[in-house]
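# Summary of the model geometry
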Amino acid sequence: FALDRRAAATELRSLRRRFDIVLLDRYVASNAAYGAARLSEDAAGPFVEWVRDLEVNRFGVPVPDAQLLLRVPVSVALAQADCRAAADSARQKDRYERDQGLQARCGAVYDGLAASGWLAPWHVIDAGTGGLRDLARRLLRG
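Read on for a plain summary of the structure. (Residues numbered from 1 in each chain as written. Predicted model: local features only at pLDDT ≥ 70, side-chain atom pairs only at ≥ 80, totals over all residues. Heavy atoms only, no water.)

## Digging into the overall build of the protein
- Within the protein, the regular secondary structure consists of seven helices and two strands.
- For the protein, the C-alpha atoms occupy an extent of roughly 40 × 35 × 30 Å along the three principal directions.
- Burial analysis of the protein (142 residues in total) assigns 34% to the buried set.
- Sequence-distant contacts in the protein: of pairs separated by 6 or more residues, those separated by 24 or more amount to 68%.
- Of the roughly 9200 Å² of accessible surface on the protein, 53% is carried by carbon and sulfur atoms.
- Where the 21 positive side-chain charges of the protein centre and where its 18 negative ones centre are 3 Å apart. (Helix = DSSP H or I, 4+ residues; strand = E, 2+ residues; numbered from the N terminus. Buried < 20%, exposed > 50% of the residue type's maximum accessible area, 1.4 Å probe, protein only. Contact = heavy atoms within 4.5 Å. Areas by Shrake-Rupley, 256 points an atom, 1.4 Å probe, with all protein chains shown as cover. Lys, Arg positive; Asp, Glu negative; His and termini not counted. Charge placed at Lys NZ, Arg CZ, Asp CG, Glu CD.)

## Notes on unusual backbone geometry
- Notably, Ser40 is not glycine yet its phi reads approximately 60°, a positive angle.
- One can find Ser40 in the loop between α2 (28–38) and α3 (46–58).
- Within the chain, Leu119 stands out as a residue other than glycine whose phi angle is a positive 70°.
- The topology assignment puts Leu119 in the loop between α6 (100–116) and β2 (122–126).

## What about the packing of helix α4 (residues 74–87) against α6?
- In the contact formed by α4 and α6, the axes pass within 10 Å of each other and the chain directions differ by 130°. When the axes of α4 and α6 are compared, the pair comes out oblique. The crossing of α4 and α6 is right-handed. Within the contact between the two elements, α4 uses Val74, Ala77 and Leu78 and α6 uses Gln100, Gln103 and Ala104.
- Among the residues making up the contact of α4 with α6, the classes are represented as four nonpolar, two polar and no charged. (Axes fitted to C-alpha atoms, helices over the stretch in contact; angles between N-to-C directions. Parallel < 35°, antiparallel > 145°, perpendicular 65-115°, else oblique. Left-handed = near helix turned anticlockwise from the far one by under 90°. Nonpolar A, V, L, I, M, F, W, Y, C, P; charged D, E, K, R; others polar.)

## What to know about a positive patch on the surface
- On the surface, a cluster of positive charge is made up of Arg38, Arg95, Arg98 and Arg105.
- The topology assignment puts Arg38 in helix α2. (Patch = residues over 30% accessible without salt bridge, like charges linked within 9 Å, V, L, I, M, F, W, Y side chains within 5 Å. Salt bridge = Lys/Arg side-chain N within 4 Å of Asp/Glu carboxyl O.)

## Some remarks on the nonpolar core
- In this structure, Val28, Tyr110, Leu113, Trp118 and Trp122 are the most contacted members of the largest nonpolar core, which totals 28 residues.
- Dropping the residues within four chain positions of it, Tyr110 is found in contact with Ala29, Ser30, Ala33, Tyr34, Leu69 and Trp122. (Core = buried A, V, L, I, M, F, W, Y, C linked by side-chain atoms within 4.5 Å.)

## Remarks on the packing of aromatic side chains
- Tallying each qualifying case throughout the model produces three aromatic pairs.
- Aromatic pair Tyr34 and Tyr110: ring centres 6.1 Å apart, planes at 90°, arrangement edge-to-face. Placement of Tyr34 in helix α2 and of Tyr110 in helix α6 is noted, with a sequence separation of 76 residues between them.
- With relative accessibility at 15%, the residue Tyr110 sits in the buried group.
- Between Tyr110 and Trp122, the ring centres sit 6.5 Å apart and the planes meet at 65°, which makes this aromatic pair edge-to-face. Here Tyr110, found in helix α6, pairs with Trp122, found in strand β2; they are twelve residues apart in sequence, far enough to count as distant. Across the pair, Trp122 and Tyr110 agree in class, each one buried.
- Here the basic side chain of Arg6 rests over the ring of Phe59, its NZ or CZ set 4.6 Å away from the ring centre. (Phe/Tyr/Trp six-rings, centres within 6.5 Å; stacked < 30°, edge-to-face > 60°. Lys NZ or Arg CZ within 6 Å of the ring centre and 35° of its normal.)

Structure, rendered in C-alpha cells:
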C-alpha cells in the first residue's frame, strides 16, 4: 500500500491543487494502525514511526489536512464481515476479519493516533450515535 501511495503522490498533489476536498479511504494512518496492531504495538510504537518515515519522509506522500476516524465497535465489524462472507461464498474472510483481538488492537491504535493528532488533526466519529451529523455540522461551521 505504501508503494501504491508513492506511485500516486504526484496525482494526489495535483488533486489537492485542483479541488477543495479530496477524500481518500485508508491512507497512511491505515498502514500504521494495522501494522502496529499486528505487531501488538501501540500508536507510539516503532512501527508507527517507521511508517511515517517511509511514506512521508522518504516517499514524499502528501500529509493530510485532516483525518476522519469512523469508530465502529468490533462486534459490528465482525457481523459485517460475516454478512459479506455469507453473501459471497467465493470470498473468504481475511486475517483482520477473523481475529477479534486483532480488530480490537487495531481500533486501539487508531484511537491513539487520533488522540495524538498523528500527521494531522483528527475528527472521530462514533458510528450509530449521530456522529456523522455532528461532524457535518462542525465542518460546515468551520
